[in-house]
Amino acid sequence: MKSTTVRRVGLSIAAATALTGVAACGSSGSSGGSGKDGGAAGKGTTRVSPIAALRSAEQSTDKADSAKVESSTVMGSLMSMDAKGNLGWGDGITGTLTMTYTGGTLADTMRAAGSTSMEARYLPDAYYAKMGEKFAEQAGGKHWIKYAYDDLAKLGGSSGAYLKDQMQNSTPNQSVKLLLASGDVEKVGTESVRGQQTTHYSGTVNVADLAAKNSNLTAAQLAGLKKQLTAAGVSTEQVDIWVNAQDLLVKKVEKGEMSSGQYTQTAYYSDYGAKVTATVPPAGDTEDFTDLLKKQGMTPGSGDTATGSGTSS
């Protein structure tokens, strides 16, 4: 496999897989549940103050350590992707998702690598992406690629540092915190989502301000991230969440503009407390991403690789 193809596939997966994890369990996408999650006591739909309702949702979702998630992401012409599986957030993001690329240049890249679908396993210090047979044949026979969060921080500069922080510290209720911190939130009304009554809240947030409020980045890292966001054409985004009668998130939609077009992230949550399993793949069938780059003559953290993570912030 040509080095440019290895880099393109590896970095594409780095960005997309991490993005999906954060979208499910972080400030870039923390979302609710499905119609299975009860419709008892209508307290979520009768609150007068949106702030009070959101604080209740923040606390209730924080207490739930896991859920089933279904999400879809569209990022202009870059990609469209669906994901489903169980994720936990008691100790960073953990769990397993099946991802399917449905369009965009990343789908073309994955198709060239032999598959448009893959399994992603999230663990406290890294995530793993299972590639197809064609990729394995051309990349040393190993099916799994390991992306350590420390390495992503180096590869992606300030956006990589932010990504690492979010992957290790995010919880689904951060989308609620996001709206609370924005100072711009309103109750839209009551709506049915997948068979249950919910209350819909909406607001607009500044993405750079969000990073400053919901991360542990240094001033220099935040400045670098803001520069990367500006270059990508990202400034503000609209966040909509739906909360059920149990004060649990049911649905989340984020919309914004990038230089490559509009991006939208949508997620549904159900089965709060669902069992989450994620095991480290066999070492003999796993290639570390930084080692893969070195074998292709590229230097991790250099200009060869720094472009891969900017779209994930």
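This is a predicted model, so every value here is computed, not measured.

Conventions used here
Residues numbered from 1 in each chain as written. Predicted model: local features only at pLDDT ≥ 70, side-chain atom pairs only at ≥ 80, totals over all residues. Heavy atoms only, no water. Helix = DSSP H or I, 4+ residues; strand = E, 2+ residues; numbered from the N terminus. Buried < 20%, exposed > 50% of the residue type's maximum accessible area, 1.4 Å probe, protein only. Contact = heavy atoms within 4.5 Å. Areas by Shrake-Rupley, 256 points an atom, 1.4 Å probe, with all protein chains shown as cover. Phe/Tyr/Trp six-rings, centres within 6.5 Å; stacked < 30°, edge-to-face > 60°. Lys NZ or Arg CZ within 6 Å of the ring centre and 35° of its normal. Polar contact = N/O pair within 3.5 Å; in protein donor to acceptor, adjacent residues only side chain to side chain. Core = buried A, V, L, I, M, F, W, Y, C linked by side-chain atoms within 4.5 Å. Pairing = 2+ DSSP bridges.

A. Structural detail: the overall build of the chain. Within the chain, the secondary structure is distributed over ten helices and 13 strands. A buried classification covers 54% of the 313 residues belonging to the chain. Restricting the contact set of the chain to residue pairs at least 6 apart, pairs at least 24 apart contribute 66%. Split by element, the accessible area of the chain, about 12200 Å² in all, is 48% carbon and sulfur.

B. Spotlight on the packing of aromatic side chains. As enumerated under the stated definition, the model contains seven aromatic pairs in all. Through successive ring pairs, a cluster of aromatic residues spans Y122, Y127, Y147, Y149 and F289. The ring of Y268 has R194 lying over it, and the distance from NZ or CZ to the ring centre is 3.8 Å. Across the ring face of W242, the terminal group of K251 is positioned such that the distance to the ring centre comes to 4.5 Å.

C. Region of the structure containing the side chain of N244. Relative to the elements of secondary structure, N244 occurs in strand β10 (residues 236–244). By relative accessible area, N244 is classed as buried at 0%. A distance of 3.3 Å separates a polar atom in the side chain of N244 from a polar atom in the side chain of Q196. At 2.9 Å, the side chain of N244 and the backbone nitrogen of Q246 are in polar contact.

D. Highlighting the nonpolar core. L54, M99, Y122, I241 and Y272 are the most contacted members of the largest nonpolar core, which has 51 residues in total. Judged by nonpolar contacts, the second largest core, of five residues, contains L123, A126, Y128 and A148.

E. Highlighting the pairing of strand β7 (residues 144–148). Most of β7 sits out of view: four of its five residues are buried. Bridging between strand β6 (residues 126–130) and β7 involves five bridges; their strand directions are antiparallel. In the sheet register, Y128 faces β7, and the bridge partner there is K146. Looking at chain direction, β7 and strand β13 (residues 286–288) are connected through three bridges and run parallel. Its bridge partner lying in β13, I145 is registered against E287.

F. Quick look at the side chain of T286. Counting through the fold element by element, T286 comes out in strand β13. Within the local environment of T286, its side chain forms a polar contact with the backbone oxygen of P282, the two atoms lying 2.7 Å apart. Apart from the residues lying within four places of it in its own chain, the contact partners of T286 are Y128, K142, W144, K146 and P281.

Everything listed here is a matter of coordinates, which is why it stays silent on function.
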